[in-house]
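# Summary of the model geometry
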Amino acid sequence: PLIHERTRLTILTALFTSLEAGLSFPDLRDMLSLTDGNLMAHLRTLEEAGLIERLKEGAGRSSSTTIQISPGGRKAFKNYLDQLEALVRSARGK
C-alpha cells in the first residue's frame, strides 16, 4: 500500500526513471501537477519509510530542495515492479 498509492507511485516512478540524480521540489511538483501541500505530505510519508531522501541547500527564500530515491527505495521499487510483472504473467496464464 505504501508504494501502490497512485500519487506515491508516480513520485517514485519519476525519481526512479529520472536521468538526473534527483529532482527539485518545483520540478517534481510541476511534472506531477500536484500542489505544494499534497506533494509535501506524500514526500513525508516516503521519507519516513526510507524510500526517498530530501537534500536541502541554503536557507530561507534562497533555499532549494532536491528529492532523490534512496538505495532502499530503489530496491523496494524494483521489488514492487517484480511483483507486478509476476501478477501480470499469472493473469495471462504464462
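It should be noted that the structure appears before, not after, this text.
Residues numbered from 1 in each chain as written. Predicted model: local features only at pLDDT ≥ 70, side-chain atom pairs only at ≥ 80, totals over all residues. Heavy atoms only, no water.

Now for the overall build of the protein chain. In terms of regular secondary structure, the protein chain is built from four helices and three strands. Listed N to C, the secondary structure of the protein chain is α-β-α-α-β-β-α in terms of helices and strands. Put simply, of all contacts in the protein chain between residues at least 6 apart along the chain, 49% involve residues at least 24 apart. In the structure as shown, the protein chain presents an accessible area of about 6200 Å², 52% of it carried by carbon and sulfur atoms. Of the side chains in the protein chain, 13 bear a positive and 11 a negative charge, and the two mean positions are spaced by 6 Å. (Helix = DSSP H or I, 4+ residues; strand = E, 2+ residues; numbered from the N terminus. Contact = heavy atoms within 4.5 Å. Areas by Shrake-Rupley, 256 points an atom, 1.4 Å probe, with all protein chains shown as cover. Lys, Arg positive; Asp, Glu negative; His and termini not counted. Charge placed at Lys NZ, Arg CZ, Asp CG, Glu CD.)

So, about the nonpolar core. Judged by nonpolar contacts, the single largest core of 18 residues is most densely connected at Leu12, Leu28 and Leu43. Listed by contribution, the elements that provide at least two residues to this core are helix 1 (6-17), helix 2 (25-32), helix 3 (36-48), strand 3 (64-69) and helix 4 (71-91). The element that contributes the greatest number of residues to this core is helix 1, accounting for four residues. With residues up to four places along the chain from it excluded, the contact list for Leu28 reads Ile11, Ala14, Leu23, Leu39, Leu43 and Ile67. (Core = buried A, V, L, I, M, F, W, Y, C linked by side-chain atoms within 4.5 Å. Buried < 20%, exposed > 50% of the residue type's maximum accessible area, 1.4 Å probe, protein only.)

For the rest of this paragraph, the subject is the pairing of strand 3. Taken together, the two bridges between strand 1 (residues 23-24) and strand 3 define a ladder with antiparallel strand orientation. Of the residues in strand 3, the one forming a bridge with Leu23 is Ile67. Taken together, the six bridges between strand 2 (residues 52-57) and strand 3 define a ladder with antiparallel strand orientation. Its bridge partner being in strand 3, Glu53 is matched across the sheet by Gln68. (Pairing = 2+ DSSP bridges.)

Moving on: the packing of aromatic side chains. By the definition in use, this model includes two aromatic pairs. Between the aromatic rings of Phe16 and Phe77, the centroid separation amounts to 4.7 Å while the plane-to-plane angle is 45 degrees, which identifies the pairing as tilted. Taken together, the residues span a long stretch of sequence, with Phe16 in helix 1 and Phe77 in helix 4 at a distance of 61 residues. Under the relative-accessibility criterion, Phe77 is labelled buried at 3%. (Phe/Tyr/Trp six-rings, centres within 6.5 Å; stacked < 30°, edge-to-face > 60°.)

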